[in-house]
Amino acid sequence: MTQLMSKPDVFSIPVHRAFADALVAGLIARFADGTLGLAEGLILLPSNRAKSAVQAAFVRAGGAGLLMPRLAVIGDADLDESIGIALDAIDVAEPIAPAIDTLRRRLLLADLIERHTPTGEAPIRGAAAFQLADGLARAIDQLHYEEVPVSALVDLDLGAFAGHWQASLARLRILVDHWPAVLAATGHIDRAARRNRLLERVTAAWRSAPPAPFVVAAGITTAAPAIARLLRTVAGLERGMVVLPGVDCGMATEEWDALGPTRPDPDNPARPIETHPQYHLKLLLDRMGVAREEVRAWDAGSEFDGPEARAAFVSLLFAPADFTGQWQTTGDLSAATAGIAGAVFADDGQEAQGIALLMREAVETPGRTAALVTPDRGLAERVAAALARWEISVDDSAGQPLSRTPPGALLLLLAELAASFDPVALIALLGHPLVRKGEGRTTWLDQVRRLDLILREPGLAPGWDGVSARIAARAADPKARGHPLAAELAPWWDELSALGAALAPFAAGQTPPASLLAALQGALEWLSGDAVWTGPAGRALAEMFDQWTLARGDGPALVDPAEFPAMLGQLLTQASVRPPYGGHPRLFIWGLLEARLQRADLMILGGLDEGRWPAATQPDPWLAPGIRRLLGLPAPERQQGMAAHDFAGALGAREIVVTRAARSGGDPVVASRFWLRLSALAGDLPEPAPGGVPLTRLAAMLDVPPGDARPATRPAPRPPADARPRRISVTGVDRLARDPFAFYADRMLGLSALDPLSAAPDPRWRGTRVHRLFEDWVRGGATRDGFEAELTALGADPALDEIARAFWLPRIEPALRWAAAQVWNAGGRAPLAVEASGEIVVDGLTLHGKADRIDRTEGGSLAIVDYKSGGAPSAKAAFDKLDSQLGLLGLIAQRGGMKDIAAAPVEALEYWSLRPDRRAGGAGKISNTYGSRSDLKSAEQAIDHASDALAELAALYLFGDAPFVPGELGGYGDYDQLMRRDEWFGRGEAD
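Owing to the predicted nature of the structure, the values given are computational and were not obtained by experimental measurement.

What counts and how
Sequence order sets the numbering: in each chain, residues are counted from 1 along the sequence as written. Given that the model is predicted, a residue must reach a pLDDT of at least 70 before its local features are reported, and side-chain atom pairs must reach 80 or more before they are shown or counted; all residues, however, enter totals for whole chains, interfaces and linings. Only hydrogens and water are removed before side-chain values are computed, so all heavy atoms of the structure are retained for them. Runs of E in the DSSP output that reach at least two residues are strands. Runs of H or I that reach at least four are helices, and both are numbered from the N terminus. Each residue is assigned to one of three classes by its accessible area relative to the maximum for its type, calculated with a 1.4 Å probe on protein chains only: buried under 20%, partly exposed between the two thresholds, exposed over 50%. Any pair of residues with heavy atoms lying within 4.5 Å of one another is described as a contacting pair. In short, Shrake-Rupley with a 1.4 Å probe defines the accessible areas, and a residue's cover is counted only from the protein chains shown. Positive charges come from Lys and Arg alone, negative charges from Asp and Glu alone, with His and the N- and C-terminal ends not counted. Note on charges: their place is set at NZ of Lys, CZ of Arg, CG of Asp or CD of Glu. Note: two strands are recorded as paired if DSSP finds a minimum of 2 bridges between them. Between N-to-C directions, angles cover 0 to 180 degrees, with each direction set by a line fitted to C-alpha atoms, over the stretch in contact for helices. Note that patches include only residues with greater than 30% relative accessible area and no salt bridge, and the join distances are 9 Å for like charges and 5 Å for nonpolar side chains (Val, Leu, Ile, Met, Phe, Trp, Tyr). Should a side-chain nitrogen of Lys or Arg be within 4 Å of a carboxyl oxygen of Asp or Glu, the pair is scored as a salt bridge. A helix is expected to reach a length of 1.5 Å times the quantity of its residues less one. The pocket and cavity definitions rest on a 1 Å grid over protein atoms only: a 1.4 Å probe that fits but cannot leave marks a cavity, an open set with protein on both sides within 12 Å along at least five of seven lines marks a pocket, and residues lining either have an atom within 4 Å of a point. Grid points are joined across faces, edges and corners, and a volume is the space filled by probe spheres set on the points. When residues are grouped by polarity, Ala, Val, Leu, Ile, Met, Phe, Trp, Tyr, Cys and Pro land in nonpolar, Asp, Glu, Lys and Arg in charged, and all others, Gly among them, in polar. Here the aromatic set is Phe, Tyr and Trp, taking the six-membered ring for Trp, and pairing holds for ring centres within 6.5 Å; pairs whose planes are under 30 degrees apart are stacked, those over 60 apart are edge-to-face, and all others are tilted.

## Describing the overall build of the protein chain
Right, so step 1: Of the regular secondary structure elements, the protein chain holds 38 helices and 21 strands.
Right, so step 2: In terms of overall dimensions, the protein chain has C-alpha extents of about 120 × 70 × 60 Å along its principal axes.
Right, so step 3: Burial status across the protein chain gives 50% buried among its 991 residues.
Right, so step 4: Excluding contacts between residues fewer than 6 apart, the proportion of contacts in the protein chain whose partners are at least 24 apart in sequence is 77%.
Right, so step 5: Accessible surface for the protein chain amounts to roughly 44300 Å². Of this, 53% is attributable to carbon and sulfur atoms.
Right, so step 6: Side-chain charges in the protein chain split into 99 positive and 123 negative, and the spacing between the mean points of these groups amounts to 1 Å.

Right under this line is the structure:
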């Protein structure tokens, strides 16, 4: 048996040194003997990224002819399976059971949560159980990592805890009662438990026989007991050593002690400062049985090291709160802060632009490297996009969630559409870049655009059948909007309806998840073929489908299809897709894990806002902080301490730029605690100034055109008189009077606002539907029974959603009954025509319009009625010649222009407002464009006044050359963007 050394070899590389290069330099100095001395060794590293960094450092230090030691990854979060091959000492005589697949375990735990509900508690089902299963899995892993027996959950005294935490722990005791048996039935064990067993075997084997002539554990900071025992074994080997990153050996003893106890101590109730960057190292050393005084400084450096004074500065920067008073007596810190710059940008978009500018500048210097280090994946994506504008590709080594990749987004769109049909989701799905990718996509997109236009009208009945009915109705009606489009669309939609049939399991109520997954898989392949499964993201998505397929029968037997998209979203968000290497060789984007032990010439520490770096603490749904302390589990704040250590390590570089944004997503954000400490200790940091211009100014100006801003003046298009229309509707006259520019954009440019792409009934649909109710009722004879039938048909209209049925319909029904009663009680007045159209020619101008209803009075005159689902225009608007609609309809009727209605005097011009009046029991109101309080006293005067308005407007705008300027009435309209309203409104005019 190998004799372990009583005094372990534990070293620390200070933060100002480039860890990988300093490590390699020291190893070469110790073990390179010109033969195979170096190649016979073994180096344990925390991650694959650290492995790559050490390999690159060996290449830089020794060139192509150097034979490197074996490099094995034991992982901060998981044990790499290759450890069994790299560390030959594992005894295969008693194989360890395989680890259970992550997804299968989550499904089994979700099933347990659904099936076992503590007495008096509400059951948890579906997506909620699936989400809680993820937290339950983390709790299991933490218990294994800290080697806390599951039985400890039963022995806890919870008298001081709130009732909801006691209920949560009652659910957690499912582990004690059921999980071990469920897990054993699968023939697997928990991944964390398997990791511990592997490490125990390795540790025991190495105590008997070292795996290599020399063994080095470098950069490993995980304080899990099994890791600590392995590191203690390595440190005790005759030619073994542990090299830790950034142990603060210069910290005063009282400060070190102030970090708190590393194990429960009844005599010391003080809580540890787990947010401190040194606490987890203190815990690791304690579990290794190594005093801080036994840790020796690594005696090798490299050309990539930062200033030596930086290590003491970082230690001072993170001094515990009780010791920050020494900041007042620090003296000159210029040597320590040399090379540190900072920039505060207006928003996160400008922050990304500024970082991209720094990285682009670095590329222009031969051999210079630059790295962005940030935990904010959104910032990383924006920086990569900003660099792409200069055709610079950079890899984000932390990857991106599978849900943000094209295949993942396509799956979520499809699942959401299958669970709840929505036209917005339908168009988004059909236009996704992976759908019909390749030959034929242009034709496909043409049809998608046609469908988009057809769906942008109110009154769309929900579901696939509603779309089919809309297309069929438009194709059958030559006068309908979109008629030619619908005719071309019908065959394509019939083929596309196969997609709806494939998603039929989502309409079947509680369904086995395997059926839902199979339906989605078939629909994905129908839409995109193999395109959805290609590339790194496609392969990751295919792997997720395979894992779920292999877990068939595990988990909840039935799920609600409406909750299935949420379950998929949780899985896809947690899965990270890392791109293959191939980006710029000197530019990098690193997450915090990837940045450990690595260094570039320029280190940009971005996203230093509270909640991003460090990340906000996520509450544990199962274990309260106090319960975690009782069990000996790390507090959630431990992760913030790890983030602080990552910041401290990156801050040791030679040249650093720290950045943050004052606003994110339009909202103000608070500076990170790290930024605040740095500003308080170092004072105002100098701002980088590429080319002599401050970086924040460059970022703000990057997309601003050169020269002074010149806001647009108010538009005044003046087309020639012979190009102006000679035909106008009665509503067009009002538009011309109120906003000539809007009339110009609509009639002459042919532009009209698109209706929203939504199946929900909007105000326009409601108005149209009410008009149709009265039209159908009057055409049917205007009987009482007929009105009741029409009202019933309105309530059963499939286009009405639940909100409209519950709120809008009961609110407007009294006004509809009131309007019907006005017809019944009209005496000798009777409806003559509904939706009556007509036209006349006035001085060379064709005037046309449609009346909602025309009545014949007892004396043989005509009354023109216009329904308004909202408020009616005022008589003052009619006198000001801004509302001439009814007067012009009266002019057409008076001159015999109405179809099938002979010329006759017009006695009444009425607006029937159906806006419910609470003071009148929900009834509507009849108003005229004339009256005793108006300057217009009769219908005849109103008609003459409207005729004068038409003549004046026609002389100016239709036969003359007056410019079509925007209206002066204020408010907002459909053409504000076209007229660039915000640039000139309120500034006044020079003339």
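## Looking at the sheet that holds strand E12 (residues 602-605)
Right, so step 1: Read across the open sheet, the 5 strands follow the order E7-E13-E12-E8-E11; overall the sheet is parallel. Only two strands of the sheet have a single neighbouring strand rather than two, namely strand E7 (340-345) and strand E11 (587-590). Averaged over neighbouring strand pairs, the angle between their axes works out to 20° when direction is ignored.
Right, so step 2: Inspection of the sheet shows E12 paired to strand E13 (residues 655-661) by 4 bridges, in the parallel sense.

## Some remarks on a nonpolar patch on the surface
Right, so step 1: Nonpolar side chains collect at one region of the surface, where Leu749, Leu751 and Leu978 lie side by side and expose about 230 Å² of accessible area between them.
Right, so step 2: You can see Leu749 is positioned in the loop between helix H31 (740-748) and helix H32 (763-779).

## Here's the deal with the pattern of salt bridges
Right, so step 1: Applying the stated rule across the entire model yields 47 salt bridges.
Right, so step 2: For the salt bridge of Arg104 with Asp554, the shortest nitrogen-to-oxygen distance reads 2.5 Å. A residue pair is termed long-range when its members are at least 10 positions apart, and Arg104 in helix H4 (residues 102-115) and Asp554 in the loop between helix H23 (535-550) and helix H24 (564-574) qualify at 450 residues.
Right, so step 3: For Arg368, the salt bridge is made with Glu655, and the minimal N-O distance between the two is 2.8 Å. Taken as a pair, Arg368 in the loop between helix H15 (348-363) and strand E8 (370-373) and Glu655 in strand E13 lie far apart in primary sequence, 287 residues in all.
Right, so step 4: Connected through shared salt-bridge partners, Glu351, Asp376, Asp609, Arg612 and Arg660 make up one network.

## Let's talk about helix H10 (residues 225-236)
Right, so step 1: In this model, H10 (12 residues) spans 16 Å end to end at C-alpha, consistent with the 16 Å of a helix rising 1.5 Å per residue.
Right, so step 2: The buried fraction of H10 amounts to 10 of the 12 residues, a majority that puts the element mostly inside the structure.

## Description of the side chain of Gln885
Right, so step 1: Examined against the element boundaries, Gln885 turns out to sit in helix H36 (residues 885-894).
Right, so step 2: Discounting chain neighbours no more than four positions away, the residues touching Gln885 are Val730, Thr731, Asp734, Asp866, Lys868 and Tyr911.

## What about the environment of Thr442?
Right, so step 1: Tracing the sequence through the fold places Thr442 in helix H19 (residues 441-455).
Right, so step 2: We classify Thr442 as exposed; its relative accessible area is 60%.
Right, so step 3: Note: C-alpha distance between Thr442 and Ala939 (497 residues apart in sequence) is 57 Å.

## So, empty space enclosed by the protein
Right, so step 1: For the structure shown, the criterion picks out 3 cavities of 30 Å³ or more.
Right, so step 2: In this structure, the largest cavity spans a volume of roughly 60 Å³.
Right, so step 3: Around the largest cavity, the lining residues are Ala878, Asp883, Ser884, Gly887, Thr929, Leu936, Ala942, His945 and Ala946.
Right, so step 4: Looking at the lining of the largest cavity, the element that brings in the most residues is helix H37 (residues 939-958), giving 3 residues.
Right, so step 5: Classifying every residue of the lining of the largest cavity gives 4 nonpolar, 4 polar and 1 charged.

## What about the pairing of strand E19 (residues 862-868)?
Right, so step 1: With 6 of 7 residues buried, E19 lies mostly within the body of the structure.
Right, so step 2: In terms of strand pairing, strand E18 (residues 845-856) meets E19 through 4 bridges, oriented antiparallel. Along E19, the bridge assignment pairs Arg856 with Leu862.
Right, so step 3: Between E18 and E19, which pair antiparallel one after the other, the connecting turn spans 5 residues, and Gly860 there sits at a positive phi close to 95°.
Right, so step 4: Inspection of the sheet shows E19 paired to strand E20 (residues 906-917) by 7 bridges, in the parallel sense. Within E20, the residue paired with Ile864 across the bridge is Leu909.

## As for the packing of aromatic side chains
Right, so step 1: In total, this model carries 27 aromatic pairs according to the counting rule given.
Right, so step 2: Each ring, one from Tyr744 and one from Phe964, has its centre 5.6 Å from the other, and the planes form 25°; the classification is stacked. Of the two residues, Tyr744 is situated in helix H31 and Phe964 in the loop between H37 and helix H38 (981-984); the sequence distance between them amounts to 220 residues.
Right, so step 3: What makes Phe964 buried here is its relative accessible area of 0%.

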